[in-house]
Amino acid sequence: MPRRPFIAGNWKMNTDAASGVELAKAVASQAAASDGVDVLVAPPFPYLHAIKAAVADTPLLVGSQNVWHEPSGAYTGEVSVGMLADVGCSHAILGHSERRVVLGEDDALINKKVHATLAGGLGVILCVGELLEEREAGDTEKVVETQLTGSLAGVTAEQMTAVTIAYEPVWAIGTGKTATPEQAQEVHAFVRGKMADAYGADVADAVRIQYGGSVKPANAAELLGQPDIDGALVGGASLKAETFLPIIDAA
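Treat the numbers as computed from the prediction; the structure is a model and nothing was measured.

Rules and cut-offs
- Residues numbered from 1 in each chain as written.
- Predicted model: local features only at pLDDT ≥ 70, side-chain atom pairs only at ≥ 80, totals over all residues.
- Heavy atoms only, no water.
- Buried < 20%, exposed > 50% of the residue type's maximum accessible area, 1.4 Å probe, protein only.
- Helix = DSSP H or I, 4+ residues; strand = E, 2+ residues; numbered from the N terminus.
- Pairing = 2+ DSSP bridges.
- Right-handed = clockwise from strand over helix to strand, strands pointing away.
- Salt bridge = Lys/Arg side-chain N within 4 Å of Asp/Glu carboxyl O.

Draft legend 1. Seen up close, the pairing of strand S1 (residues 6–10). Of all 5 residues making up S1, 5 are buried, and the element is well covered by its neighbours. Across 5 bridges, the pairing between S1 and strand S2 (residues 38–42) is parallel. Looking at S2, one finds that Ala 8 is bridged to Leu 40. Remark: the S1/helix H1 (residues 17–33)/S2 crossover connection has right-handed handedness. With 4 bridges connecting them, S1 and strand S8 (residues 231–234) associate as parallel partners. Counted as the bridge partner of Phe 6 is Gly 231 from S8.

Draft legend 2. Representation of the pattern of salt bridges in the model. Using the criterion set out here, one finds 13 salt bridges in the structure. Between Arg 3 and Asp 230 there is a salt bridge, and its shortest N-O distance comes to 2.8 Å. Here Asp 230 lies in the loop between helix H10 (217–224) and S8 and Arg 3 lies in the segment before S1, a separation of 227 residues in the sequence. Between Asp 107 and Arg 100 there is a salt bridge; the shortest N-O distance is 2.6 Å. Assigned by exposure class, Asp 107 and Arg 100 land together as buried. When salt bridges that share partners are traced, they join Arg 3, Arg 192, Asp 228 and Asp 230 into one network.

What follows is the structure in structure tokens.
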């Protein structure tokens, strides 16, 4: 059975209330016209409520860029799964390289967040990917396997139906460099193989694996045409309708 393409826009620390709502409405109209593709936007926390309200009657999914793994308490500056569910989020992006590299999150912490998110009824977009020096050292598969194993420890085959994996080579995020379709496909196939080893062929065939790393209208169709690339986690190009909508169209 073919996997349904999944295109997600990670807005990171960008937009304001007015521009965010305007952008989300434009994406929602394209999502409504794009039958057979799941589309999600992940705005900054302060705008989640307004944007979810603005697109409530559309198929556009709204997700979070992060979550904390405890349900409540003295965690200044953090947001719980319950809060995200309360404002209508469907997914949380976890393990993004900016949180791994810039903010020091390790696989053990990400694993706690994965379990909390799944237990709270939200889907997970789990990011994995190697640094430039790791790729140049020939360690791509080792790094990706370590991140997958650590981040998904204790996750069951049944829970994997709510997990999407995003392969994001860190050297290609926001740099303008993109893995070639062949490079990306090679790692996606490796990830799917690891899912088969851990969970069996049925789960591996069903799990959606997004590519992230300078996806833009010019390269989207070729990347998304690869057999194991089931969508995209888009950064910079998701901030403007004129660059994000063609990527949805390509899917």
